[in-house]
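An overview of the molecular structure
Below are the chains, spelled out letter by letter.
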Amino acid sequence: MRIAVGGLHTECSTYTDVLQKTEDFKVLRGDDLMISDFFSFLPHSSATIVPLLHARSTPGGAVSRTTYDQFKTEFLMKLELALGEAPIDGLYLAMHGAVHVDGMDDAEGDWIEAARKCVGPNCPISVSFDLHGNLSQRIIDQIDLFTAFRHAPHIDTLETMERALNNLIKVIETGERPIVGWVPIPVLLPGERTSTIDEPAKSLYGQLGEIDKVDGITDASLMVGYVWADVQRANAAAVITGTNRSNMKSEVEKLAQSYFDARNDFKFGPTTGTLEEMMSIAQNCETAPVVLTDSGDNPGGGGVGDRACVLKYCTDNNIRDALIIGIADAPAVQQCFKLGEGVFTDIWLGATLDPTRSKPWHGHVRIEKLATDNKRGNKVALLNCNGLRLIISDRRYTFHDPENVEPLGVDLAKERLVVIKCGYISAGMAAIANPNLMALTDGAVNQDITTLENQNRPNPTFPFQTECAFEPRCQFSARAQK
């Protein structure tokens, strides 16, 4: 049994002009997939894996068309070469679902459709998505199996990907022919209001495992969608894979209705408010460490990561007991490495990636520590501005786990106030947060979503339009008719 593996994985906000280029991606080619932590389950598979190409990046702006075309061309070339060596029994695509390519409406649809044309109509294709991905009928029409993450924060990434592969292996072994059905749901909310740690998402996602047990159903998925892309396919969705059309239709329509009915119940998990309000709470907290998120500039959701608004607020208001983490500024990091540790210097920080929407900060700092993070491939610097400490990076990166600052010798559990560019926080950060606060800051992933430019999303979509009539109707893949 030979199964080819590849894909494209990132998340793209349309509210920044900073395009993602080839150098922003971590590209795995051939056997690199087999030794990657991201695909650690592949070597243990019962199938013979034919690794192709997988490109993944920190979320950001749209992917440049040149970059996308380069990855797609190389992926298809490797797929065609694999087919020339021996038949492919199945294709597994590890995708995200929120890729937006400059000048293209449906990148995932384009990628998967091209893969289908390459392998032909009889080769089963299984895909895995992030639950913050957006779907289209074009995507559904090309695939035989679908599954998505069931946890946000994403503690089940590898579990989901392995499930997608194992479902494909089972189909090849049994010869069964599953189909995919889905129900688009006219609701589109940010991940920060739909975390599966909190209700109602906790219960909504909790029912998926039980749906999987229904006769003739292989997998049930619930897609929150990606809200910061003003595109036609931006929507929540319920998705079902199986062989019993009647049971599939019944279960996916009930699942979609349950999500729609809960649309007004989704709330932010942590205490949330303006930067001024959250800083006031943080300054008066008697517990520590307080973890405050700069949500509008979160690279993990598509933010640019170069905004210095929290830094400016702290210096303007003489807040000195904070550690501000994650401003992306390559020139500033290069300056620090050139000068060395222990040196005092004037420095400009921020607005190097998106100067149109960001404003730089200027100050006098001491370079306390420099490090190269070999695991993540970025250089970082720890700076001190009259007691206010900063960690800056030469590359956009989501500092969402305490271990991310270990190369600098920093223990976040011992800090009083930690500010990170993030939305909802990871399990590792939640374990030390005491408490977690979220500041509704400006940026490419602004949480005030109803104020976003909204020209291409389906109309009506809640909460952009509050009056939404909804009758769930399952739409099956075109492959179900063949």
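Here we summarise the structure given alongside this text. (Residues numbered from 1 in each chain as written. Predicted model: local features only at pLDDT ≥ 70, side-chain atom pairs only at ≥ 80, totals over all residues. Heavy atoms only, no water.)

Topic: the overall build of the protein chain
Rules: Elements are defined by DSSP. Helices are runs of H or I of four residues or more, strands are runs of E of two residues or more, and each kind is numbered from the N terminus. When we talk radius of gyration, it's over C-alpha atoms, and the globule rule is simply 2.2 Å times the number of residues to the 0.38. The classification of residues rests on relative accessible area computed with a 1.4 Å probe and restricted to protein chains. Under 20% of the type maximum is buried, over 50% is exposed, and intermediate values are partly exposed. Whether two residues are in contact is decided by their heavy atoms, any of which lying within 4.5 Å being enough. Accessible surface is estimated by sampling points in the Shrake-Rupley manner with a 1.4 Å probe; for residues, cover comes only from the protein chains shown.
Counting its secondary structure elements, the protein chain contains 11 helices and 19 strands. Whereas a compact globule of 482 residues would reach a radius of gyration of roughly 23 Å, the protein chain reaches 23 Å, a difference of no more than 12%. In the protein chain, which comprises 482 residues, the share counted as buried stands at 61%. Counting contacts in the protein chain only where the partners sit at least 6 residues apart, residues at least 24 apart contribute 75% of the total. A total of about 18700 Å² of accessible surface is found on the protein chain, and carbon and sulfur atoms cover 47% of it.

Examining the packing of helix 1 (residues 65-85) against helix 2 (residues 107-119)
Defined as follows: Angular values range over 0 to 180 degrees, each being the angle between N-to-C directions of two axes fitted as lines to C-alpha atoms, with helices fitted over their stretch in contact. By definition in this entry, angles of less than 35 degrees are roughly parallel, angles greater than 145 are roughly antiparallel, angles of 65 to 115 are roughly perpendicular, and the rest are oblique. Here a crossing is called left-handed whenever its near helix is offset anticlockwise from the far helix by less than a right angle, and right-handed whenever the offset is clockwise. Gly counts as polar in this scheme, as do all residues outside two lists: the nonpolar Ala, Val, Leu, Ile, Met, Phe, Trp, Tyr, Cys and Pro, and the charged Asp, Glu, Lys and Arg.
Where helix 1 meets helix 2, the closest approach of the two axes is 10 Å, and the angle between their N-to-C directions is 20°. Taken together, the axes of helix 1 and helix 2 are roughly parallel relative to one another. You can see that helix 1 and helix 2 cross each other, and the crossing is right-handed. The segment helix 1 lies against helix 2, with Y68, F71, K72, F75, L76, L79, E80 and L83 engaging A107, D110, W111, A114, A115, C118 and V119. In terms of residue class, the contact of helix 1 with helix 2 is built from 12 nonpolar, no polar and 3 charged.

Some thoughts on the pairing of strand 12 (residues 322-328)
This is how the line gets drawn: Being paired, for any two strands, means DSSP has found at least two bridges between them.
In terms of residue burial, strand 12 counts as a mostly covered element, since 7 of its 7 residues are buried. Where strand 12 and strand 17 (residues 417-420) come together, 4 bridges link them in parallel fashion. Paired with I325 across the bridge in strand 17 is I420. The pairing of strand 12 with strand 16 (residues 388-393) spans 5 bridges and is parallel. Its bridge partner being in strand 16, I324 is matched across the sheet by L390.

A closer look at the sheet that holds strand 5 (residues 125-129)
Judged by pairing direction, the sheet is mixed, and its 6 strands sit side by side in the order 2-3-1-4-5-6 without closing on themselves. Two strands in the sheet have a free side with no partner beyond their single neighbour: strand 2 (25-29) and strand 6 (145-148). Taken pair by pair, the neighbouring strands of this sheet meet at an average axis angle of 10°, ignoring direction. Inspection of the sheet shows strand 5 paired to strand 6 by 4 bridges, in the parallel sense.

Topic: the pattern of salt bridges
Where side chains of opposite charge bring their charged atoms close, a pairing between them can arise. So the rule is basically this: The term salt bridge refers to a pairing of a side-chain nitrogen on Lys or Arg with a carboxyl oxygen on Asp or Glu at a separation within 4 Å.
Enumeration according to the criterion identifies 31 salt bridges in this entry. Residues R233 and E108 are paired through a salt bridge, measuring 2.5 Å at the closest nitrogen-oxygen approach. Of this pair, R233 sits in the loop between strand 8 (217-223) and strand 9 (236-242) while E108 is found in helix 2, placing the two residues 125 residues apart along the sequence. For R233, a relative accessible area of 8% corresponds to the buried category. Among the ionic pairs, E251 bridges to K254, the shortest N-O distance being 3.3 Å. One end of the pair is E251 and the other is K254, both in helix 7 (residues 245-261) and 3 residues apart, which spans about a single turn. Using a relative accessible area of 15% as the deciding quantity, one classes E251 as buried. Through salt bridges with shared partners, one network takes in R150, E159, R163, D212 and D219.

Let's talk about helix 2
This is how it is decided: A helix is expected to reach a length of 1.5 Å times the quantity of its residues less one.
When the terminal C-alpha atoms of helix 2 are compared, their 19 Å separation across 13 residues agrees well with the 18 Å that a helix rising 1.5 Å per residue should span. For helix 2, the buried fraction is high: 10 of the 13 residues fall into the buried class. Those residues of helix 2 not exposed but buried are A107, E108, G109, D110, W111, I112, A114, A115, R116 and V119. Lining the buried residues of helix 2 we find strand 1 (2-9), strand 3 (48-57), helix 1, strand 4 (90-94), strand 5 and helix 3 (137-140). Among the residues trailing helix 2, G120 stands out with phi positive, at a value near 90°.

Points about the environment of D141
This is how it is decided: Definition of a polar contact: a pair of N or O atoms within 3.5 Å, with one able to donate and the other able to accept a hydrogen when the atoms are protein atoms, and with sequence-neighbouring residues admitted only if both atoms are side-chain atoms.
For D141, the location among the structural elements is in the loop between helix 3 and strand 6. Among all residues touching D141, those that are not within four sequence positions of it are F476, S477, A478 and R479. Looking at D141, its side chain comes within polar contact range of the side chain of Q137, at 2.8 Å. Polar contacts involving the side chain of D141 include one to the main-chain amide nitrogen of A478, which spans 2.7 Å.

Description of the state of the cysteines
This is how the line gets drawn: Throughout, a disulfide means two cysteine sulfur atoms within 2.5 Å of one another.
For the structure shown, the criterion picks out 0 disulfides. In this structure C385 is not part of a disulfide, and its nearest cysteine sulfur, from C314, lies 10 Å away. With relative accessibility at 6%, the residue C385 sits in the buried group.

Structural notes on the sheet that holds strand 9
Spatial ordering of the open sheet is given by 8-9-7-19, a layout of 4 strands whose pairing is antiparallel. Where the open sheet ends on each side, the last strands, each with one partner, are strand 8 and strand 19 (475-476). Relative to strand 9, strand 7 (residues 179-185) runs antiparallel, the two sharing 7 bridges. Directly across from I179, in strand 9, lies its bridge partner G242. Running over the sheet, helix 7 touches strand 7, strand 8, strand 9 and strand 19 and is turned about 25° from strand 7.

A closer look at the packing of aromatic side chains
Cut-off, in case you're wondering: Pairing of aromatic rings covers Phe, Tyr and Trp, the last through its six-membered ring, and needs centres within 6.5 Å; plane angles under 30 degrees mean stacked, over 60 mean edge-to-face, and all others mean tilted.
Tallying each qualifying case throughout the model produces 10 aromatic pairs. Geometrically, the ring pair formed by F38 and F39 is edge-to-face, given 5.3 Å between the ring centres and 85° between the ring planes. Each ring, one from F39 and one from F41, has its centre 6.2 Å from the other, and the planes form 50°; the classification is tilted. You can call F41 buried: its relative accessible area is 5%.

Considering the packing of helix 8 (residues 275-284) against helix 9 (residues 309-316)
It is the contact of helix 8 with helix 9, at a shortest axis distance of 12 Å, that shows an interaxial angle of 55°. Comparing the axis directions of helix 8 and helix 9 gives the class oblique. For the element pair helix 8 and helix 9, the recorded crossing hand is right-handed. Along its contact with helix 8, which presents L275, E276 and M279, the element helix 9 presents C309, V310, Y313 and C314. Across the contact of helix 8 with helix 9, the residue classes break down as 6 nonpolar, no polar and 1 charged.

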